[in-house]
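What follows is the residue order along each chain.
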Amino acid sequence: MLNSSMQALGEKRSTIRELFEFGKSRAAVVGAENVFDFSIGNPNVPAPDCVRQAISDILASENPAVTHGYTSAQGADFVREAIAQDLNRRFGTQYGARNLYLTAGAAAALSICFRMLTTSPDDEFVVLAPYFPEYLVFIEQGAGAKAVIVPACPADFQIDFDALEARLTQKTRAVIVNSPNNPSGTVYSEQTVRRLTDLLTQKSKQFGHPIYLLSDEPYRELVYDADTVVPFLPNFYDNTLVCYSYSKSLSLPGERIGYVLVPDSVCDFAATYAAVCGAGRALGYVNAPSLFQRVAARCSGQTADLSIYAKNRDLLYQALTSYGYTCVKPQGAFYLFPQTLLADDRAFCEKAKAYDLLLVPGTDFGAPGHMRISYCVQTETIERALPLFERLAQDCRI
Ligand code: PLP
């Protein structure tokens with residue numbers, strides 16, 4: 001006998017996977033260069049030089065048995081200390097190795113946090129829509145808890161505070177925030193963060209237990225305008241747990257490296273950190289990849305060349321809005337999330353396939369009537385795709 005929900009999950013193809021298969025079959029007919037795959041969030045800019053340098057230095061200078069050997073379950077001490085020092089430099093904090101648990105990317109970090117905060121199947125995690133679809137899988141299938149979805153304000157994808165307040169209950173364990181956001185590119189300002197943390201402080205008092213803030217930050221450094229600041233949430237709210245990933249900042253998604261940050265300020269720090277270690281152990285998420293732990297120690301705080309994403313965002317945003325698409329200008333991450341020109345976003349994305357444009361329906365992110373366009377592609381790909389977006393728009397108006 002098998003666990004039927006796991007089997008169903010494994011058998012279900014994601015939209016992105018389906019688009020990938022469609023793209024492959026079209027490439028065989030029209031040539032790969034004529035298929036415009038905007039579906040996947042795989043960074044296209046190379047990892048920064050410091051990554052290559054770190055890898056070659058480590059391989060040249062260290063004993064392979066140590067480099068590739070087991071570290072402690074939560075990650076090597078010196079690596080956690082180096083990452084903590086980088087955070088301290090950037091955010092004025094006082095962290096040390098004690099505050100970090102290294103993971104295979106943000107996916108593992110999130111799964112650990114959902115697991116360690118779940119005390120009963122009735123526990124609720126508030127997810128603000130639009131959201132990264134895997135949250136629902138991690139919460140419901142992974143941790144066995146409930147996801148409560150709260151739509152953002154449609155005009156700007158900022159938090160709808162009235163809707164959020166109405167959904168916070170005695171059962172709420174945490175609110176997940178993702179800023180810069182996948183798929184909308186929205187960033188929460190300091191004012192928004194203060195309003196959110198005031199609400200969570202008030203509700204934690206009312207319910208007599210902490211409501212945690214889970215900050216999912218794979219896009220932390222990916223912002224494009226000088227005046228866009230991404231507030232560091234632990235500096236605003238004691239009970240914040242940060243799930244970070246180097247996948248996007250260092251262009252290393254396949255290497256699987258990230259962390260959970262447990263600040264000293266969380267209530268009952270020692271027990272909380274122990275629960276993170278316990279969930280890591282229960283899930284088998286111990287000892288994040290050793291070589292890339294060492295790379296992270298040397299490269300934390302640096303980024304790949306983000307100027308290409310800034311250029312792509314501006315090009316795509318200006319062209320699409322001039323063709324009649326309505327879109328909130330993204331402040332960060334590498335996605336555009338315009339409204340679809342047909343009310344049915346799935347039908348619209350299906351229609352786009354006839355132009356070899358591969359776009360993901362907003363329904364997958366909990367925001368029907370939209371589409372996600374990943375612009376982590378060559379600028380030239382966007383330039384060649386723009387006439388197709390224009391023809392698609394004309395086609396929808398007929
Ligand atoms: N959270 C968000 C919002 C993401 O977009 C992604 C990946 O695209 C992840 C988490 C998972 O990141 P990782 O590759 O580090 O597991």
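The structure contained in this document is the topic of the report that follows. (Residues numbered from 1 in each chain as written. Predicted model: local features only at pLDDT ≥ 70, side-chain atom pairs only at ≥ 80, totals over all residues. Heavy atoms only, no water.)

**Some remarks on the overall build of the protein**
Secondary structure summary: the protein contains 14 helices and twelve strands in total. Taken against the 2.2 N^0.38 rule, which gives 21 Å for 398 residues, the C-alpha radius of gyration of the protein at 21 Å falls within 12% of a compact globule. In terms of principal-axis extent, the alpha carbons of the protein reach across some 65 × 55 × 55 Å. Of all intrachain contacts in the protein linking residues separated by at least 6 positions in sequence, the fraction that spans at least 24 positions is 76%. (Helix = DSSP H or I, 4+ residues; strand = E, 2+ residues; numbered from the N terminus. Rg over C-alpha atoms; globule rule 2.2 N^0.38 Å. Contact = heavy atoms within 4.5 Å.)

**A few points about the site of the ligand**
Around the ligand, the surrounding shell holds 15 residues, and the nearest of these are Ala106, Asp216, Tyr219, Ser245 and Arg256. In this structure, Ala106 approaches the ligand through a main-chain N or O atom, which is 2.7 Å from an oxygen atom. With respect to the ligand, the side chain of Lys248 contributes an N or O atom lying 2.9 Å from an oxygen atom. Contact with the protein chains covers 91% of the free accessible surface of the ligand, which is 400 Å². (Near = heavy atom within 4 Å. Polar contact = N/O pair within 3.5 Å; in protein donor to acceptor, adjacent residues only side chain to side chain. Areas by Shrake-Rupley, 256 points an atom, 1.4 Å probe, with all protein chains shown as cover.)

**So, the pairing of strand 3 (residues 124-129)**
In terms of burial, strand 3 is a largely internal element, six of the six residues being buried. Covered by surrounding structure in strand 3 are Glu124, Val126 and Leu128 together with Phe125, Val127 and Ala129, the residues of both alternating faces. Of the strand pairs in this sheet, strand 3 and strand 4 (residues 146-151) are connected by six bridges, and their pairing is parallel. Residue pairing across strands places Leu128 opposite Val150, the latter belonging to strand 4. (Buried < 20%, exposed > 50% of the residue type's maximum accessible area, 1.4 Å probe, protein only. Pairing = 2+ DSSP bridges.)

**Describing the pattern of salt bridges**
Per the stated rule, a full pass over the model turns up 22 salt bridges. Note that Asp86 and Arg89 form a salt bridge whose closest N and O atoms lie 3.9 Å from each other. On the criterion of helical spacing, the pair formed by Asp86 and Arg89 is a turn pair, its members being three residues apart in helix 5 (residues 77-91). A residue is classified by how much of its surface remains accessible, and Asp86, at 6% relative accessible area, is buried. Here Arg173 and Asp123 are joined by a salt bridge, their closest N and O atoms 3.5 Å apart. Of this pair, Arg173 sits in strand 5 (residues 172-177) while Asp123 sits in the loop between helix 6 (105-117) and strand 3; the two residues are 50 residues apart in sequence, bridging distant segments of the chain. Each member of the pair, Arg173 as well as Asp123, is classed as buried. (Salt bridge = Lys/Arg side-chain N within 4 Å of Asp/Glu carboxyl O.)

**Description of the sheet that holds strand 2 (residues 100-103)**
The sheet built from seven strands is open, its strands ordered 2-8-7-6-5-3-4 with mixed pairing. Here the strands that pair on one side only, and so sit at the sheet edges, are strand 2 and strand 4. On average, each strand axis in the sheet is inclined to that of its neighbour by 20°, with strand direction left out of account. Sheet topology note: the strand 5/strand 6 (residues 212-216) ladder contains four bridges and is parallel. Looking at strand 6, one finds that Val177 is bridged to Ser215. Taken strand by strand, helix 6 contacts strand 2, strand 3, strand 5, strand 6, strand 7 (240-245) and strand 8 (258-261), and its axis lies near 155° from that of strand 7. (Axes fitted to C-alpha atoms, helices over the stretch in contact; angles between N-to-C directions.)

**With respect to the layout of surface pockets**
Looking at the largest pocket, its volume works out to about 1,100 Å³. Lining the largest pocket are 38 residues, and of these Ser14, Ile16, Phe132, Pro133 and Glu134 lie nearest its centre. Of all the secondary structure elements, the ones that give two or more residues to the lining of the largest pocket are helix 1 (4-11), helix 2 (15-30), helix 6 and helix 7 (134-142). Among the elements that make up the lining of the largest pocket, the one with the highest residue count is helix 7 (six residues). When grouped by side-chain class, the residues that make up the lining of the largest pocket number 19 nonpolar, ten polar and nine charged. (1 Å grid on protein atoms, 1.4 Å probe; cavity = no way out; pocket = protein on both sides within 12 Å on 5 of 7 lines; lining within 4 Å. Points joined across faces, edges and corners; volume = space filled by probe spheres on them. Nonpolar A, V, L, I, M, F, W, Y, C, P; charged D, E, K, R; others polar.)

**What to know about the nonpolar core**
Residues Phe38, Leu357, Leu359 and Phe389 are the most contacted members of the largest nonpolar core, which totals 40 residues. Beyond its immediate chain neighbours, meaning those up to four positions away, Leu359 contacts Leu19, Phe38, Phe348, Cys349, Ala352, Met371, Arg372, Ile373 and Phe389. Listed in part, the 32 residues of the second largest apolar core include Tyr101, Leu110, Tyr135 and Tyr212. (Core = buried A, V, L, I, M, F, W, Y, C linked by side-chain atoms within 4.5 Å.)

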